[in-house]
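Reading the structure
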Amino acid sequence: MSPLLLLLLGLLPLLLCLLRGRNRRDGEPPLVKGWIPFIGKALEFGKDAHKFLEEHKKKFGDIFTVQIAGKYMTFIMDPLLYPSIVKHGKQLDFHEFSNKVAPYTFGYSPMNRSFSGLREQVQRSFHLLQGDSLTLLTESMMGNLKLVFRQDHMERDGGWRSGSMYDFCHSVMFEATLLTMYGRPPASRRHGGVDTLRNNFISFDKKFPLLIAQIPIWLLGRTKAVRDKLIHFFLHVSGWSNTSQFIRRRAEIFEQYDTLRDVDKAAHHFAIFWASVGNTVPATFWTLYHLVSHPVALQAVRQEIQDVLRQDGVGWSSDGDVTLGRQQLERLLFLESAIRESLRLSSASMNIRVAQEDFGLRLDGERSVAVRKGDFIALYPQSMHLDPEVYQNPQMFRFDRYMQDGQQKTNFYKNGQKLKYYLMPFGSGSSKCPGRHFALNEIKQFVCLLLLYFDLQLEDGQPRASLDTSRAGLGVLLPNVDVRFRYRLRTQQLD
Ligand code: HEM
C-alpha cells in the first residue's frame, strides 16, 4: 500500500468527523444536518424551498438551523419575530454576504482594500432612485415604453395579434429599462443588437442560481463567454446620451478609482442592470397574467386608470398619446394592490444576514437563541405570504386584497397580533431594495399603456402558468411555461 494511501486511511476518521459537521450546543436551535456530509440538506432545499421549510417548521417549530452546502442557516419562520432580526444591525450583517457573492456572479473584482470607500459611495448613490430623481426616471420610462410599444406593437391593422406573454413583457420592459437607466447611443433612439443582448441575458439568467451558489463558472458551459459579452456591452456607457442621474453618478464614482479596470466598471453596470430587470420582468408578467385571467379585476383596474385621467382632464383616444406622471401613478390604488398581490404570490426572496460574532439573538420578550459567528440567519417571507392565518385563501389572486375603505390596507395579523412586516418582496432593513419605488412605477406604467391601448385575451386550451421554483430564495419566480395571449388595438375613446 502506498504511503499516501496509508496516510489518507489514517486521517479518514478525522476527515469524516470534519465533514460530518458540528453538533448542537445548549441554547442553539434544533439542528438539521442530512446524511450527506457538507452538502447537508442543499438538494432537498434547492428542489422546493417553501415545501422543505414548511415541513421542517411542523417538525421543529419556528426556529431551526439547517446545514446547506457547508453553511449553517438558522431560519426564523414566525413573521412576528422578523422585527427583531431586522433591527439587529451590527451583529447581523447583510453586505458580508452580498460582497462575496455579487463579484463572483457578475464578474467584477471583489471590493477589497484597494477600493477604499467605493462601497459606501455606491450605497449613497442609491438615493438617486428616489425623490426628485424618481420623478425624472418615471418620466423617462414613460417615453421609452411608448417608443418601444409604438415601434414594435402598434401597427394599425385592426386585427388580433398573438404572442407569448412572458416574452412580450420581457422584450418591452428590458429595452425600455435599458434606455431609461443607461440612455442611448448618440444620434439614435434605440440600441442596435438588443435582441442578441436579450438572448444573452436570458441565458445568463438561467445559470444565475448556480452562480449565486458559487458553482465554478467553467462548469457551466458557455456561461462565461455569454457573461463576457454582456459585460462588454456596458463598456460604452460613457458615450451614451440621456443616461439617468443614477448611472451617471455611478460612472463618476468609478472614475475616482484607478484600480478599477474598464471591464470591472462595465461589470458593475451589468450587475445593476440585472438588478433592475431580473425581478421587474417576472413581476410585470405575473401582474399582467393575473389581470388578464381575472376579467373583473382587469375591468376595475382599467376603469381606475381612465377615471384618474378623466379627473385630470387628460384627453385620450386609442390613436392618440397619453402620459401618466408620478402623481397620477400614485393614485392608482387598485392597480398597486394588484401588483402587490402578484408579488405576494410570486416572490420568493430570502433575506440573509451573517452573524458577526457568537451571541444570543433575542427574539422576543422571553426567547433568545445562541448563534455562532459566520452562521447565516435567514427570513423566508414566502412562508408568510402563503400563510392562511395571515392571508385567507392564500393561493387565490384577489386584486383588491391590499385595499380597505378606498385606501391601502396595511393591517394583517398573525396569532391576533398586527404584523409589522406582512409583504416583503423587496427585502428588509439595511438591505431593502433601493429600486422598489421605480419598480412599482414602471410596472404601473406598462400595465396602464397596455390596458388603455389594447384588448387582451388568453388563448384557449393551455395549462395555467405556475411557479418555476428553480430560483427560489433569489427573488420573483419565473413562470414554468410561457403563456399564449392575443392583443389588438382598442378603438374606444375614454368613456
Ligand atoms: C419587482 C422588482 C424588484 C424586486 C422584487 C426587487 C427585490 C430586491 C431584493 C429582494 C433585494 C435584496 C434585498 C435583501 O437581500 O434583503 C434587492 C436589492 C437591490 N435592488 Fe431590487 N428589486 C426589484 C427592482 C429593482 C429595480 C428596478 C432596481 C434599480 C433600478 C433595483 C435595484 C436594486 C439594488 C441596487 C439592490 C442592492 C441593494 C444593496 O446592495 O444594498 N431593484 N432588490
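How each quantity is defined
Residues numbered from 1 in each chain as written. Predicted model: local features only at pLDDT ≥ 70, side-chain atom pairs only at ≥ 80, totals over all residues. Pairing = 2+ DSSP bridges. Helix = DSSP H or I, 4+ residues; strand = E, 2+ residues; numbered from the N terminus. Near = placed C-beta within 6 Å. Nonpolar A, V, L, I, M, F, W, Y, C, P; charged D, E, K, R; others polar. UniProt positions renumbered as here; feature names shortened; annotations may be inferred. Buried ≥ 20, exposed ≤ 12 C-beta atoms within 10 Å, placed from the backbone. Axes fitted to C-alpha atoms, helices over the stretch in contact; angles between N-to-C directions. Contact = placed C-beta atoms within 7 Å.

1. Structural notes on the pairing of strand β19 (residues 484–489)
Of the pairings in the sheet, the one linking strand β5 (residues 161–164) to β19 comprises four bridges and is antiparallel in character. Each bridged residue has a counterpart across the sheet, and for Ser-162 the counterpart in β19 is Arg-486. Across five bridges, the pairing between strand β15 (residues 454–458) and β19 is antiparallel. By the bridge assignment, Asp-455 is partnered in β19 with Arg-488.

2. Section: the site of the ligand
Surveying the vicinity of the ligand reveals 23 residues, the closest of which are Asn-279, Gly-427, Ser-431, Cys-433 and Gly-435. Among the elements of the structure, α12 (262–277), α13 (280–293), β6 (347–349), α18 (436–453) and β17 (474–476) are those that each provide at least two residues to the shell around the ligand. With three residues, α12 is the largest single contributor of residues to the shell around the ligand. Its residues assigned to classes, the shell around the ligand shows 11 nonpolar, 12 polar and no charged.

3. Thoughts on the sheet that holds strand β3 (residues 71–76)
Sheet strands line up and pair through hydrogen bonds in the backbone, either parallel or antiparallel. One open sheet holds the six strands; their spatial order is β1-β2-β3-β10-β7-β4, and the pairing between them is mixed. The sheet is open, and its two edges are formed by β1 (31–32) and β4 (92–93), each paired on a single side. Pairing analysis gives two bridges linking β1 to strand β2 (residues 63–68), with the strands arranged parallel. Each bridged residue has a counterpart across the sheet, and for Leu-31 the counterpart in β2 is Thr-65.

4. A short note on the UniProt feature "binding site: substrate" (unreviewed entry) in the chain
UniProt records the feature "binding site: substrate" (unreviewed entry) for Asn-279 in the present numbering. Take Asn-279: it is sitting in the loop between α12 and α13. By the C-beta count within 10 Å, which is 24 here, Asn-279 ends up buried.

5. Structural notes on the sheet that holds β5
Taken in spatial order, the three strands make up an open sheet running β5-β19-β15, and their pairing is antiparallel. Every other strand in the sheet has two partners, leaving β5 and β15 as the edge strands with one partner each. Taken pair by pair, the neighbouring strands of this sheet meet at an average axis angle of 30 degrees, ignoring direction. Across the face of the sheet, helix α8 (residues 165–182) comes into contact with β5 and β19 while running at roughly 85 degrees to β5.

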